[in-house]
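# Summary of structural features
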Amino acid sequence: MSARYELYGLYLSGPAYKVALMLSLAHEPFDYVHVNLRAGEHKTDAFRAKSKFGQVPLLVDHSNGQHVVQSMVILDYLADKLGQFGGASLAERIEARQWMAWGWDRLSINLYRARAAKLGFRQLDPATLAVYEADGKAALEWLNDSLKGRTWLVGDHVTMADIDLYGTVRYAPEGGFDLSAYPHVEAWMQHFEALDGFQQADVLMPAPKA
Ligand SMILES: N[C@@H](CCC(=O)N[C@@H](CS)C(=O)NCC(=O)O)C(=O)O
């Protein structure tokens, strides 16, 4: 029988990992569909009809036919549906959303682009890469300072903000960022990885067999 949720993603995709992580932490089963970006599957009319911007992740909720894109929005949607990770109050929900918006703006763009360049997925001239590296380090410093004396980003429990930002920071070393310079970030990651239901990306979103 098919699961309620269907996730379209790619094993290398940080944004898709964030969604898979939330479902896994909630012990919510989901069907996973690999989208071969290299082969241009995301550019086909069939995929674009499902995914508004032709990107992964795409979440389909088969209980109501809702198609949701943009990892931040998917996490917010799922927090509602799963009744978890949305914060203990409206104030916490707003704070979690703020962290997610900041995360994309200041952290993800820089870390993911540097990673894409280092892994050879994107050609960047050295000056542009240096900007991503400098801005990425500044964002990691901000996150490190914010996590000082805290277990989670918002309130006393893990929220969608932790899931979102973990799914970015986890890829920092592949972008050339040395996380040992950010001890509060490392401690937060250790707490996160100890959560029941935590799994690595390649377990949740297996690469297709060659
Ligand atoms: N802001 C989006 C970014 C999604 C994104 O960049 N997805 C990449 C894979 S990691 C993609 O689909 N790239 C193909 C394209 O943009 O054409 C999110 O958080 O979901």
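### Notes on the overall build of the protein chain
Summing up its helical and strand segments, the protein chain has eight helices and four strands in all. Helices and strands in the protein chain line up, N terminus first, as β-α-β-α-β-β-α-α-α-α-α-α. Counting only C-alpha atoms, the protein chain reaches 45 × 45 × 30 Å along its principal axes. The contacts of the protein chain with a sequence gap of at least 6 include a subset with a gap of at least 24, amounting to 70%. A gap of 6 Å separates the mean positions of the 20 positive and 25 negative side-chain charges of the protein chain.

### A look at the domain arrangement of the protein chain
Assigned domains within the protein chain: domain 1 (5-84 + 197-204) and domain 2 (90-193). Using C-alpha coordinates to define each centre, domain 1 is positioned 20 Å away from domain 2. Every contact between the two is made by 18 residues of domain 1 and, on the other side, 19 residues of domain 2. With both chains or domains summed, domain 1 and domain 2 bury close to 1,600 Å², and 64% of this area falls on carbon and sulfur atoms. Among the residues domain 1 hides against domain 2, the three largest losses belong to Lys18, Met72 and Phe198. Together they make up 33% of the total. Scanning the region where domain 1 abuts domain 2 turns up four salt bridges. Note that Asp76 is salt-bridged to Arg97, the shortest N-O span being 2.9 Å. At the junction of domain 1 and domain 2, the tally comes to six residue pairs in polar contact (both at pLDDT 80 or more). Breaking the side of domain 1 that touches domain 2 down by element, the ones donating at least two residues are α1 (14-25) and α3 (71-82). In terms of residue count, α1 provides more of the side of domain 1 that touches domain 2 than any other element does, seven residues in total. For the side of domain 1 that touches domain 2, a count of residues per class yields 11 nonpolar, three polar and four charged.

### With respect to the site of the ligand
By nearness alone, every residue bordering the ligand is listed as Ser13, Pro15, Leu37, His42, Gln55, Val56, Pro57, Gln70, Ser71 and Trp104. One of the side-chain N or O atoms of His42 is found 3.5 Å from an oxygen atom in the ligand. With respect to the ligand, the backbone of Val56 contributes an N or O atom lying 2.8 Å from a nitrogen atom. Of all the cavities here, the one that holds the ligand is the largest pocket.

### A few points about helix α4 (residues 90-118)
Here α4 spans 40 Å end to end across 29 residues, near enough to the 42 Å set by a 1.5 Å rise per residue. Along its length, α4 reaches its greatest deviation from straightness, about 45 degrees, at Gly103. Immediately downstream of α4, the backbone of Gly120 shows phi near 80 degrees, a positive value.

### Structural notes on the side chain of Arg115
Of note, Arg115 is situated in helix α4. A relative accessible area of 8% means that Arg115 is categorised as buried. Here the side chain of Arg115 touches Glu174 through a polar contact of 2.7 Å, side chain to side chain. Excluding residues that lie within four positions of it along the chain, Arg115 makes contacts with Leu12, Tyr171, Glu174 and Gly175.

### A closer look at the nonpolar core
Counting 57 residues, the largest nonpolar core has Leu143 and Trp188 as the members making the most contacts within it. Elements with a contribution of two residues or more to this core: β1 (5-9), α1, α3, α4, α5 (126-147), α6 (160-169), α7 (183-193) and α8 (201-204). Counting residues domain by domain, this core receives three or more from each of domain 1 (5-84 + 197-204) and domain 2 (90-193). Tyr8, Phe47, Val56 and Val69 belong to the second-largest nonpolar core, a separate cluster that totals eight residues.

Scoring rules and cut-offs
- Residues numbered from 1 in each chain as written.
- Predicted model: local features only at pLDDT ≥ 70, side-chain atom pairs only at ≥ 80, totals over all residues.
- Heavy atoms only, no water.
- Helix = DSSP H or I, 4+ residues; strand = E, 2+ residues; numbered from the N terminus.
- Contact = heavy atoms within 4.5 Å.
- Lys, Arg positive; Asp, Glu negative; His and termini not counted.
- Charge placed at Lys NZ, Arg CZ, Asp CG, Glu CD.
- Domains from an automatic or database assignment.
- Buried area = accessible area lost by both parts, 1.4 Å probe.
- Salt bridge = Lys/Arg side-chain N within 4 Å of Asp/Glu carboxyl O.
- Polar contact = N/O pair within 3.5 Å; in protein donor to acceptor, adjacent residues only side chain to side chain.
- Nonpolar A, V, L, I, M, F, W, Y, C, P; charged D, E, K, R; others polar.
- Near = heavy atom within 4 Å.
- 1 Å grid on protein atoms, 1.4 Å probe; cavity = no way out; pocket = protein on both sides within 12 Å on 5 of 7 lines; lining within 4 Å.
- Sits in = over half its atoms within 2 Å of the grid points.
- Expected span 1.5 Å × (residues − 1).
- Bend = angle between axes of the 7 residues up to and from the residue.
- Buried < 20%, exposed > 50% of the residue type's maximum accessible area, 1.4 Å probe, protein only.
- Core = buried A, V, L, I, M, F, W, Y, C linked by side-chain atoms within 4.5 Å.

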